Amino acid sequence: MSNQTQKGCEETGTGFEPTCAGPVDTVSAGATAPAASQPRTLAILCTLLLAHSGMLAWGASRQSPTLDEPAHLAAGMTHWQLGRFDLYRVNPPFPRMIAALPLLFAGAKTDLHNYSCVPGIGHTFEVGKDFVAANGERTLWLVVFARWACIPFSLVGALACFLWAKKMFGPRAGLLAAALWCFSPNILAHGQLVTPDIAAAAFGLASTYVFWNWLRQPTWLGAIAAGLLLGVAELTKTTLLLFFLLWPLLWAVYRLSRTDKRFALVWMREIGMIVILQAVAVYVINAGYGFDGSCQTLGSFYFVSQAFAGKAVGKEAGFRVGVTGNRFADSWMANLPVPLPSDYLLGMDAQRRDFEDFGRPSYLRGKFQDSGWWYYYLYALTVKVPLGIWCLTSIAACTTFRNCLGGLSPGSPPSDSQIATHETRPKEDWISWRDHVVLLLPPAAILIVVSSQTGFSHHFRYLLPAFPFVFVWISQIGQSFGAKKSVASVLAVCAFAWAVASSLAAYPHSLSYFNELAGGPRNGHNHLINSNIDWGQDLWELKRWLKENQGNKPLRMAYDCYLDAAALGLKFSLPPRSSDNDRRAITLSPALYAVSVNFLKGYPFGLSTGAGDMAYAHRDDFSYFQTLKPIAMAGYSIYIYEIDVPTVVPSKCDGRSRSP
Amino acid sequence: MNNQDVAADGKQDHRIPLWVVEVGCWTTVLLAPFLYWVNGPAVSTDQLVMRIVVLGLALLGGIAIRSVRWQCRRSVTP
């Protein structure tokens, strides 16, 4: 790291430290750290990874299956057992294939009588429900094994954060980036589940890191490595398809200030490398599907979304199930071979269809509406990200801004005195504004793409692939954690401690985490619902509570998950629904009542009746419970009420959300 | 990075100084009542255990590091 200050920065120890993250001022920590501190750095890193794995493993064993997980597992098993990828097309298969691996050896049963690959007829979740029914209470341990199999994805993410931050800003920054990943409540929440979001975040970052290395030292081998990782990343979530456009853009930005006289030759060579990189990525995607349906002509597909099928489906056609079309069939594009597996393209089509007509309302700050909001994810960021991380982001922004004002123009060489006092590091290790662009453009692009999909707004987790880039960028502050204190460095340490403490205060209920600005997890439902707080994960917590407190009281439960809770070992019946009573006052008989917070807020969804079949909760069917005071909570997503004597409650609260 | 981050062999010292850990520990201890006020009591045994462990480690860590630094200061001062 440089000991020199930039022009305009003072080493007073009282203001912001010159952080060496500005244009050209620093030599990156790509240079070797002293031998004494390397084992220490590795020891701390290993401790972080161990603690993170432990938290994921423990949390995974304490939570009941969430809404999506059985469907993912059933689909994963069909991939291995049948070699088919059409059951759960919306997401690529890689994460669930890894998750399903232990189940192949554990003798898990699948019931595929509801299996259908007819476009537009989504039986994925029916098969997931059948999976739970077929395995009964054993489902818990099968899901736990599958979750444990997914922990390495999160470790990949932590390692990628460490390596990139270390190379860019130094070993301390590397440790800070890894710690931000390991203790982030959103990473902890989804890292312990069988869902593709963490895998997408991890491989999205890892592949871009390798690409960044290629940008700094373009080699054919580097391009192939980047292509391989990009292909793997594309097999986690289709959101990352935008990297096919983003990476060439980043390359163009990175090369803008090149003054090499042979730039035309160099550019042509690198363009060739990018073509190879993308070709390798496409090859890996096809290999991930076993080349099933690869290079099928565009005109031969049966699409269900208006974007791909045209007006034959869509709003004017009433979004009828089973109706398909193909807007390319009568055009010159009909005979074009699609260089992707057919199920990959059909998955994009299915996802598009969901955004065009999801069929269920979206919720934000007490309000339901049929479509989403463009600012949903921005709002979710303010309530779901620890405030300590916001402080760190502000400090990092100030640091970068101050360095930009430091007087050195991008790309200019350091002064002789700077060179004299630097450690000897090659020029290619110097960090410039272009490296910050590589770090910040992907999360910005992900936020824009995700926010633009306003068909529905349900899941903050769609933004997870953006997180690790920001962690690496924030970690530049770690350079200031030196022997000499400054106001900025002390503030940064306090902010980091705040972020970690806030996150661990909610663990293992990290899925329901909301920051202090939102009023904590207890008030989270006033801001967001669905998988942001209640994904069906607290059924075991309810079971544990009932074991100690139920006694002889009957249980009446409205549990927001289409899975049959009776198959998971609970005896219960449904509470009365407002819609069954013509919205008149409801009489509650003496019993214990357990209500999922999604239903409490009025969300319409299917639920099990306790008699082996399913029912449907209409809007506000159970929101009358808001007029009652709960006696306990199971996690933060199930409220428990005790009714000792027959009680009459109004069927509808006055329309305003009340905190129970 | 400042000029004092130089190890005995003249190279950059990338170790994490003790003051960073100490400030982190005391910050956690000071924030505990505020976080309890915002988040409320634990809703499960696991959560209660985690909170106690984190607070305990932060308290012990803060006290231990403070003691070590005082000892160092006393041994240095004549």
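Check the entry above for the structure.
Conventions we followed
Residues numbered from 1 in each chain as written. Chains lettered and ligands numbered in written order. Predicted model: local features only at pLDDT ≥ 70, side-chain atom pairs only at ≥ 80, totals over all residues. Heavy atoms only, no water. Helix = DSSP H or I, 4+ residues; strand = E, 2+ residues; numbered from the N terminus. Buried < 20%, exposed > 50% of the residue type's maximum accessible area, 1.4 Å probe, protein only. Contact = heavy atoms within 4.5 Å. Core = buried A, V, L, I, M, F, W, Y, C linked by side-chain atoms within 4.5 Å. Patch = residues over 30% accessible without salt bridge, like charges linked within 9 Å, V, L, I, M, F, W, Y side chains within 5 Å. Areas by Shrake-Rupley, 256 points an atom, 1.4 Å probe, with all protein chains shown as cover. Salt bridge = Lys/Arg side-chain N within 4 Å of Asp/Glu carboxyl O. Lys, Arg positive; Asp, Glu negative; His and termini not counted. Pairing = 2+ DSSP bridges. Axes fitted to C-alpha atoms, helices over the stretch in contact; angles between N-to-C directions. Phe/Tyr/Trp six-rings, centres within 6.5 Å; stacked < 30°, edge-to-face > 60°. Lys NZ or Arg CZ within 6 Å of the ring centre and 35° of its normal.

A.B. asks: Teacher, can you tell me more about the overall build of chain A here?
C.D. replies: Helices and strands together make up the secondary structure of chain A, namely 21 helices and ten strands. Out of the 660 residues in chain A, the part that is buried amounts to 61%. Long-range pairs, those at least 24 residues apart, make up 77% of the contacts in chain A between residues at least 6 apart in sequence.

A.B. asks: Just to check I follow, could you spell out the environment of Leu-188 of chain A for this structure?
C.D. replies: Residues and elements named next belong to chain A. Assignment of secondary structure puts Leu-188 in helix α7 (residues 185-191). For Leu-188, a relative accessible area of 0% translates into the label buried. Remark: the alpha-carbon pair of Leu-188 and Thr-324, spanning 136 residues in sequence, is separated by 40 Å. In this view, Leu-188 contacts His-52, Met-55, Leu-56, Cys-182, Phe-183, Ser-503, Tyr-507 and Ser-510; residues no more than four positions away in its chain are not counted.

A.B. asks: Help me understand the nonpolar core, please; the structure alone is not making it clear to me.
C.D. replies: Grouped together as the largest cluster of nonpolar side chains are 206 residues, with contacts concentrated most on Trp-164, Trp-181, Met-557 and Phe-625 of chain A. Top element by residues in this core is helix α5 (residues 139-169) of chain A. It accounts for 16 residues. Beyond its immediate chain neighbours, meaning those up to four positions away, Trp-164 of chain A contacts Leu-205, Thr-208, Tyr-209, Trp-212, Val-438, Leu-439, Phe-469 and Val-472 of chain A. Counting five residues, the second-largest nonpolar core is a separate cluster that includes Leu-387, Trp-498 and Ala-501 of chain A together with Leu-31 of chain B.

A.B. asks: Sorry, what's going on with the environment of Leu-30 of chain B here?
C.D. replies: Relative to the assigned elements, Leu-30 of chain B resides in helix α1 (residues 18-39). Between the C-alpha atom of Leu-30 of chain B and that of Ala-58 of chain B, which follows or precedes it by 28 residues, the distance is 9.9 Å.

A.B. asks: Help me understand a nonpolar patch on the surface in this model?
C.D. replies: Residues and elements named next belong to chain A. Residues Trp-220, Ile-224, Leu-228 and Ile-276 make up a contiguous nonpolar surface patch of roughly 340 Å² in combined accessible area. By residue number, the principal contributor to the nonpolar patch is helix α9 (residues 220-234), which donates three residues. With respect to the helices, strands and loops of the structure, Ile-276 is situated in helix α11 (residues 263-288). What makes Ile-276 partly exposed here is its relative accessible area of 35%.

A.B. asks: Which parts of the structure should I look at to understand helix α3 (residues 94-105) of chain A?
C.D. replies: Residues separated by three or four positions in an α-helix point in the same direction, a consequence of the helix having 3.6 residues per turn. Residue and element names in this part refer to chain A. The complete set of buried residues in α3 reads Pro-95, Arg-96, Met-97, Ala-99, Ala-100 and Leu-103. Contact partners of the buried residues in α3: α2 (69-82), α4 (124-135), α5 and α8 (197-216). One or two residues past the end of α3 sits Gly-107, with phi positive at roughly 70°.

A.B. asks: I would appreciate a short explanation of the side chain of Asp-130 of chain A in the present structure.
C.D. replies: Residues and elements named next belong to chain A. If you trace the backbone, Asp-130 turns up in helix α4. As a buried residue without a salt bridge, Asp-130 has its nearest oppositely charged side chain in Lys-129, at a separation of 4.8 Å. With residues up to four places along the chain from it excluded, the contact list for Asp-130 reads Asp-111, His-113 and Asn-114.

A.B. asks: Got a minute to help me understand the sheet that holds strand β9 (residues 638-643) of chain A in this structure?
C.D. replies: Whenever strands of a sheet pair, they do so through backbone hydrogen bonds, lying parallel or antiparallel. All names here are of chain A. Taken together, the four strands give an open sheet; going across it, the order is β3-β5-β9-β8, and neighbouring strands pair in mixed fashion. The sheet terminates laterally at β3 (555-558) and β8 (632-634), the two strands that pair on one side only. The average undirected angle you get between the axes of adjacent strands in this sheet is 25°. Across three bridges, β8 lies against β9 in antiparallel orientation. Following the sheet pairing, Ala-634 is matched in β9 by Ile-638. Along the sheet, helix α20 (residues 539-549) contacts β3, β5 (591-596), β8 and β9; its crossing angle with β9, the most-contacted strand, is approximately 30°.

A.B. asks: I would appreciate a short explanation of the packing of aromatic side chains in the present structure.
C.D. replies: For any two aromatic rings, the description comes down to two numbers: the centre-to-centre distance and the angle of the planes. Inspection of the entire model under this criterion finds 36 aromatic pairs over all chains. For the ring pair Trp-141 of chain A and Trp-148 of chain A, a centre distance of 6.5 Å and an interplane angle of 70° mean the geometry is edge-to-face. Judged by its relative accessible area of 45%, Trp-141 of chain A falls in the partly exposed class. Arranged with centres 5.1 Å apart and planes meeting at 65°, the rings of Trp-251 of chain A and Trp-267 of chain A form a pair that is edge-to-face. Of the two residues, Trp-251 of chain A sits in helix α10 (residues 243-255) while Trp-267 of chain A sits in helix α11, which places them 16 residues apart along the sequence. Taken together, Trp-164, Tyr-209, Phe-211, Trp-212, Trp-214, Phe-243, Trp-247 and Phe-469 of chain A form an aromatic cluster joined through their ring pairs. Sitting over the ring of Phe-514 of chain A, Lys-384 of chain A keeps its end group 4.7 Å from the ring centre. The positively charged end of Arg-66 of chain B is found above the aromatic ring belonging to Trp-70 of chain B, 5.5 Å away from the centroid.

Just geometry here; none of it tells us what the structure is for.
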